[in-house]
Amino acid sequence: MKLRLSLILLLFVASVGVLVWLYDGKAFIPPRREKSSWSEIIADLEACGHRKHLKALQYDRFAQIAAAEKRSDAEHLFRAMAFSEHLQEQNCILAIRRLGGTYAAPRPGAIFGGPTDGNLERSIAEERRSYNERRDAEIRRAMSRGNRYAARLLVWAAAADLRKIFLMECRNGVGARTFAVCPLCGNLYAAEFTDRFCPFCLTDGAEFVRFE
Ligand SMILES: [Zn+2]
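Right, let's walk through the structure included here. Small disclaimer: the values here were computed from a predicted structure and weren't measured.

1. Observations regarding the overall build of the protein chain
Turning to step 1, where the next piece is worked out: Across its full length, the protein chain carries seven helices and three strands.
Turning to step 2, where the next piece is worked out: Split into buried and exposed, the 212 residues of the protein chain put 42% on the buried side.
Turning to step 3, where the next piece is worked out: Relative to all contacts within the protein chain whose residues are 6 or more apart in sequence, the contacts with residues 24 or more apart total 70%.

Structure (structure tokens):
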């Protein structure tokens, strides 16, 4: 009887020892970082986020200049564009995290600051150059990989880029002085031409953020 008790006790102590050894062993192994299977898509979302981040900073600066020049039409447009860029960067960040990646904001680049008319011309040229460089390659990549979530965000980003070019180009012809931005997808409108619902994400037009 005594021998059996001793044996059980010995087995118990040995089991505890093995468990402690296994636990300690695991604690010393660094957690293995699995490479996300979406790494290519995450890189596209990161590039988009960086682009949006830098443009938001630039457009904020251009809005300050326009305000100082009392160019309220350009000021409202630049503020709306900066808001849209910032919002779309946040959408990219959320998507990157959901797909298993991490995001760090880019280093701030050079911020330009000439007179408003030149700033508008510069912005149109830069938006066109950037869009023509990509030609929606990242959207096609996301679709070909079956990632409709990322594709949708990248479509929103590209659509807003085209809207910015349009609004900057026709700022005088249309005469828009107030602008609205969809708070979910970042789509932009001249406020007098807003849809009842955002055609991209179906957000109610009453929720659009106005810049006036
Ligand atoms: Zn929307």
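From this point, the discussion proceeds with the structure in view.
2. Description of the pattern of salt bridges
Turning to step 1, where the next piece is worked out: What the rule picks out here adds up to 17 salt bridges.
Turning to step 2, where the next piece is worked out: Between R145 and E40 there is a salt bridge; the shortest N-O distance is 3.4 Å. Here R145 is found in the loop between α5 (137–144) and α6 (148–169), whereas its partner E40 is found in helix α2 (residues 39–68), with 105 residues between them in sequence.
Turning to step 3, where the next piece is worked out: You can call E40 partly exposed: its relative accessible area is 40%.
Turning to step 4, where the next piece is worked out: Among the salt bridges present, the one from K52 reaches D161, with a minimum N-O distance of 2.9 Å. Of the two residues, K52 sits in helix α2 while D161 sits in helix α6, which places them 109 residues apart along the sequence.

3. A short note on the environment of A80
Turning to step 1, where the next piece is worked out: Looking at the secondary structure, you find A80 in helix α3 (residues 72–98).
Turning to step 2, where the next piece is worked out: Taking the relative accessible area as the measure of exposure, A80 reaches 0% and is therefore buried.
Turning to step 3, where the next piece is worked out: A C-alpha to C-alpha distance of 9.1 Å links A80 and Y189, two positions 109 residues apart in sequence.
Turning to step 4, where the next piece is worked out: Not counting the four nearest positions on each side in its chain, A80 is found in contact with F179, V181, L188 and F211.

4. What about the coordination of the zinc ion?
When four donors bind a metal tetrahedrally, each ideal donor-metal-donor angle is 109.5 degrees, and when six bind octahedrally, the ideal angles are 90 or 180 degrees.
Turning to step 1, where the next piece is worked out: Binding of the zinc ion to the protein goes through C182 (SG), C185 (SG), C198 (SG) and C201 (SG), at separations of 2.2 to 2.3 Å.
Turning to step 2, where the next piece is worked out: Seen from the zinc ion, its four donor atoms lie at angles of 97 to 119°, and the figure they make is tetrahedral.

5. Digging into a nonpolar patch on the surface
Turning to step 1, where the next piece is worked out: The grouping of L54, L57 and I111 at the surface amounts to a nonpolar patch, some 220 Å² of accessible area in total.
Turning to step 2, where the next piece is worked out: Mapped onto the fold, I111 is located in the loop between α3 and α4 (116–134).
Turning to step 3, where the next piece is worked out: Since its relative accessible area comes to 41%, I111 is described here as partly exposed.

6. A look at the environment of R129
Turning to step 1, where the next piece is worked out: Mapped onto the elements, R129 comes out in helix α4.
Turning to step 2, where the next piece is worked out: In terms of polar contacts, R129 uses its side chain to reach the side chain of E126, at 2.6 Å.

7. A look at the nonpolar core
Turning to step 1, where the next piece is worked out: Ranked by size, the top nonpolar core spans 27 residues in total, and within it L45 and C198 carry the most contacts.
Turning to step 2, where the next piece is worked out: Elements with a minimum of two residues in this core: α2, α3, α5 and α6.
Turning to step 3, where the next piece is worked out: Per-element tally for this core: the top contributor is α6, with seven residues.
Turning to step 4, where the next piece is worked out: Listed in part, the 22 residues of the second largest apolar core include L77, A80, I165 and F211.

Thresholds applied
- Residues numbered from 1 in each chain as written.
- Predicted model: local features only at pLDDT ≥ 70, side-chain atom pairs only at ≥ 80, totals over all residues.
- Heavy atoms only, no water.
- Helix = DSSP H or I, 4+ residues; strand = E, 2+ residues; numbered from the N terminus.
- Buried < 20%, exposed > 50% of the residue type's maximum accessible area, 1.4 Å probe, protein only.
- Contact = heavy atoms within 4.5 Å.
- Salt bridge = Lys/Arg side-chain N within 4 Å of Asp/Glu carboxyl O.
- Donors = N, O, S within 2.8 Å, 3.2 Å for Na, K, Ca; no water.
- Tetrahedral: all angles 85-135°; square planar, octahedral: opposite > 155°, others 65-115°.
- Patch = residues over 30% accessible without salt bridge, like charges linked within 9 Å, V, L, I, M, F, W, Y side chains within 5 Å.
- Areas by Shrake-Rupley, 256 points an atom, 1.4 Å probe, with all protein chains shown as cover.
- Polar contact = N/O pair within 3.5 Å; in protein donor to acceptor, adjacent residues only side chain to side chain.
- Core = buried A, V, L, I, M, F, W, Y, C linked by side-chain atoms within 4.5 Å.

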